Amino acid sequence: MSKTRIAVAGAGYIGQAHMGVARASAGCTLSAVVDPSPAAQAVARQAGVPLYPSIEALLASEHRPDGLVLATPNALHVPQALQCLAEGMPVLVEKPIATTVAEGRRLVDAVENSGAAVLIGHHRAHSPIMAKARQVVASGQLGRLVSVMGSALFYKPAGYFADSPWRREPGGGPILLNMIHEVHNLRMLCGDIGAVQAFKSHATRGFAVEDTVAINLRFTNGALGSFMLSDTAACPRSWEQTSQENKAYPSYADEDCYVIAGTDGSLSVPTMRLKTYPRAEDRSWWKPFEVGTVGLVRDDPLQHQMDHFGAVVRGETSPLVSARDGLDNLRVTEAIGEAATTGRVVELA
């Protein structure tokens, strides 16, 4: 069987990551790169594929792909995805789906009205760790879900902001840049989020944008959550520094970034340490837990995502992360920003 031809628009960091997994895929192959910048010439040359200055040029060429990854700037996601829909081209749209909820709705409406094949690039949905954690929660081993405690604590060095000064301004802080990943993980583990409240601070760096945020969450199933987010905290309790999935980051096998608690037990993620009461009548803080670790295989979710996109392109399966999922993640993230700015509880459901 011939491989599914995947082109990548955007030759930056995340675009090159998509190129790498496309080339390594058993079912897909990298067929072209789209990027008007001079630096993209070297990227395409190294990958051994043709370079096009625009999506229009690619789609009109002899190298028209079977599917296209949009790893372009966020503001281009919706117009470029709509362009691809009009051409009948399946797309993987990097997160976030859009820069605003209103803009994202345009794309969701177009996708749902047309039945187009659109996968949103929340790659952690393809993580074997997340799949196993969701399996434990769904199995009932934890009982009725009560709470989740989460964190994304890390330290971004000064060069991160010096290289891109826009990151110091509103829209460049960890709420919009990082929290959307966490929102999707929390929704996968605990269900839809019905309301949020938050405090934000820029006391450490003094930039116009926040550097630290404390967030409360109310899930529609009645569970509650708390989340600490900071890009100026010298702490490894983030997904990148605990999951061992992205080898670019040092990792600490003894740290977790989520603890999910129910009426019968709790699960720490990603160490997968499980503590449960053996019998309902043993549920008491005076009684010991049964303690164990849930077995799993760690693997690259970005590779799994590319393989899944290939299956979506071939019509073998539906997108694991739909345009509607991407919009719901953005709605929650946008609500956290609003709550942190206004001091109000923001209702979502």
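Residues numbered from 1 in each chain as written. Predicted model: local features only at pLDDT ≥ 70, side-chain atom pairs only at ≥ 80, totals over all residues. Heavy atoms only, no water.

(A) Main features of the state of the cysteines. Applying the stated criterion across every chain, the model contains zero disulfides. In this structure cysteine 190 is a free cysteine whose sulfur lies 12 Å from that of cysteine 257, the closest cysteine sulfur available. Cysteine 235 forms no disulfide, and the closest cysteine sulfur to it belongs to cysteine 257, at a distance of 10 Å. (Disulfide = S-S within 2.5 Å.)

(B) Geometry of unusual backbone geometry. The omega torsion of the bond from lysine 95 to proline 96 falls at -5 degrees, within 30 degrees of zero and hence cis. With respect to the secondary-structure elements, proline 96 resides in the loop between β5 (91-94) and α5 (101-114). A cis geometry characterises the amide bond from valine 269 onward to proline 270, with omega recorded as 15 degrees. Summarising the element assignment, proline 270 is placed in the loop between β12 (265-269) and β13 (273-276). (Helix = DSSP H or I, 4+ residues; strand = E, 2+ residues; numbered from the N terminus.)

(C) Region of the structure containing the environment of serine 61. Along the chain, serine 61 falls in the loop between α3 (55-59) and β4 (67-70). Taking the C-alpha atoms as reference points, serine 61 and threonine 342, separated by 281 residues in sequence, lie 50 Å from one another. Side-chain polar atoms of serine 61 contact the backbone oxygen of leucine 58, separated by 2.7 Å. (Polar contact = N/O pair within 3.5 Å; in protein donor to acceptor, adjacent residues only side chain to side chain.)

(D) Structural detail: the sheet that holds strand β11 (residues 258-262). The nine strands are arranged β14-β13-β12-β11-β7-β10-β9-β8-β15 in an open sheet whose pairing can be described as mixed. The open sheet has two edge strands, β14 (290-293) and β15 (346-347), and neither has a second partner. Bridge count for β13 against β14 is four bridges, and the pairing is antiparallel. In the sheet register, leucine 274 faces β14, and the bridge partner there is glycine 292. Against the sheet, helix α6 (residues 128-139) makes contact with β11, β12 and β13, and its axis sits at roughly 175 degrees relative to β12, the strand it touches most. Across the sheet, helix α9 (residues 179-190) lies against β7 (145-153), β8 (193-201), β9 (212-219), β10 (224-230) and β11, angled at about 25 degrees from β11, the strand it touches most. (Pairing = 2+ DSSP bridges. Contact = heavy atoms within 4.5 Å. Axes fitted to C-alpha atoms, helices over the stretch in contact; angles between N-to-C directions.)

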